[in-house]
Each structure stands twice: as C-alpha cells, then as structure tokens.
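Each chain, letter by letter, is given below.
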Amino acid sequence: AAIEQARALRDQFQRFLREYEFGMREVETKISILRDEFTHNHAYNPIEHVKSRVKSPDSIVEKVARKGIDADFDVVRAEITDIAGVRVTCSFVSDVYRLFDLLTQQNDITVRVVKDYIAVPKENGYRSLHAIVEVPVFLSTGTVAVPVEVQFRTIAMDFWASLEHKIHYKFAGAVPAALVQSLTEAAETAGELDRRMESLHREVHASNGRVLEV
Ligand code: 0O2
C-alpha cells in the first residue's frame, strides 16, 4: 500500500508541474505572436530573447522550507507564484513597458501582482519589471488558471542580473560589502546606458532613416 501511495503522490506532483509547463507555454506563445506581428507590422523586433523555465523540484522544496509553508499542493500553489517563469529581454526600456502592456491587456490574462523594479530599483540595484499573471489552460479535465511570473527587462539589466546571480551563488549569499557596492554602482551605470541608448534610438527613429548630422 505504501508503494501505491508513493506512486500516487509522484503522479500528483507530475500533474502539478505539468500545469505550470502548460501555462508557461501559453505565455511563450503570446509573446512570440506579439514579436512576429510587431516585426511584420512595424518592421521592428522589440524582443532580444525569451527564456522560460519551470522551477526544479529541488528549488520548489528549498523555497517551501525558506518560506516555512506547509508542503501541501494547495498551499504551494497559493504561496509560490514563480513556479512557471518567462523572462522577456528587450533592447530598450520603452519596449519593456510596451510588451508588458500588450501582454497584460489581453482579456484572457489576469494580472495578480506587478512589481516595477525599474521605477524603483531594489537596494542592490536590481532592475526589471515583474508581473504575476494568470493564464487559462484548457485541459481534458477542465480549465485551470495558472500563475506565471513574467520578468521584462533590457539587455543591460539582464547582463547585470546574470552576473549578480553568479556572484551571489559563488559567495553563497555572503557577498563582501565592497563587491556589493561595486555591483550597485554597475547597476546604475547600466541604467545610464539604458537612458543613452533609448535617446539614441529616439533620435534615429525621429530622423526617419535620414543620415544624422554628427
Ligand atoms: P530564480 O533562480 O530566477 O528562480 P520571492 O520570489 O518570494 O523569493 P519576491 O520578492 O516576492 O521574492 O519576488 P521578486 O522580487 O518579484 O523576485 C523574484 C525573482 O526576481 C527572482 O527569482 C529572480 O529571478 C529575480 N530577482 C529578484 N531580485 C533579484 C536580484 O537582486 N538579483 C537577481 N539576479 N535576480 C533577482 P528567484 O526565485 O530568486 O531566482
């Protein structure tokens, strides 16, 4: 009986994770349709790259422990909202907000939480626009609303976040103060680069393809 019970639990966990994978795929499709349509209609691709992942069982377990919540499917479903994640990297800050609007205004999408770490960066300098959205997934057993964390950021923000993540991992969270300080300064430099690139982009756009005087 114990083996049967263990198998049932495994099946339940696999079903649980599959729903997130389906939700993630729905959001990926929406983003890729926006990219293709935008490219055709405006002769311009606002997206640099898209990365998606379903959180690994290990990191779900680690987060359950860190948050001190019950290891119960319904509790985990309610409390851990980044099991499915899609990261959309754009060239310019204006495209970050444009993509966010185009996705969140779709009428089958329900926006649960928005965290604008571009308007108000985290203390360490982290910048990105986060949204927890719910997307319907149509299964043989009925429709489920699946939460997906979508992170919108620029290439510069992504460059910074990936290095910061590696450093954080390397020092197991105990990053030396001087390095934290340098990283925060680098995040500000990246923010400045984003502002300059945006303004160059606007100038080129306004020139309508004419050669700019330098
Ligand atoms: P991974 O490996 O990307 O999955 P919580 O999700 O409850 O821990 P919070 O504050 O509710 O925290 O979520 P928040 O602030 O929206 O950020 C969650 C995710 O944003 C993180 O997921 C990272 O992907 C990214 N993020 C947030 N802050 C930082 C940061 O300072 N540096 C970097 N590099 N990424 C950040 P995970 O689960 O931590 O990691």
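Below you will find a few notes about this structure. (Residues numbered from 1 in each chain as written. Predicted model: local features only at pLDDT ≥ 70, side-chain atom pairs only at ≥ 80, totals over all residues.)

Take the nonpolar core next. Residues Val96, Val148, Val150 and Phe152 are the most contacted members of the largest nonpolar core, which totals 25 residues. Mapped onto this core, the elements with two or more residues apiece are helix H1 (2-42), strand S2 (84-90), helix H4 (93-104), strand S4 (129-139) and strand S5 (142-154). The biggest single contributor to this core is H4, with five residues. With near-sequence residues (within four places) excluded, Phe152 lies in contact with Val88, Cys90, Val96, Leu99, Phe100, Ser128 and Leu129. In terms of nonpolar packing, the next biggest core, distinct from the first, is built from five residues, Ala156, Met157, Trp160 and Ala187 among them. (Core = buried A, V, L, I, M, F, W, Y, C linked by C-beta atoms within 7 Å. Buried ≥ 20, exposed ≤ 12 C-beta atoms within 10 Å, placed from the backbone. Helix = DSSP H or I, 4+ residues; strand = E, 2+ residues; numbered from the N terminus. Contact = placed C-beta atoms within 7 Å.)

The subject of this paragraph is the sheet that holds S5. Strand order in the open sheet made by the five strands is S1-S2-S5-S4-S3, with mixed pairing throughout. The two strands at the open ends of the sheet, each matched to only one other strand, are strand S1 (47-54) and strand S3 (110-116). Ignoring strand direction, the axes of neighbouring strands in this sheet form an average angle of 25°. Of the strand pairs in this sheet, S1 and S2 are connected by seven bridges, and their pairing is antiparallel. From the neighbouring strand, Ser52 faces S2, where its bridge partner is Val86. (Pairing = 2+ DSSP bridges. Axes fitted to C-alpha atoms, helices over the stretch in contact; angles between N-to-C directions.)

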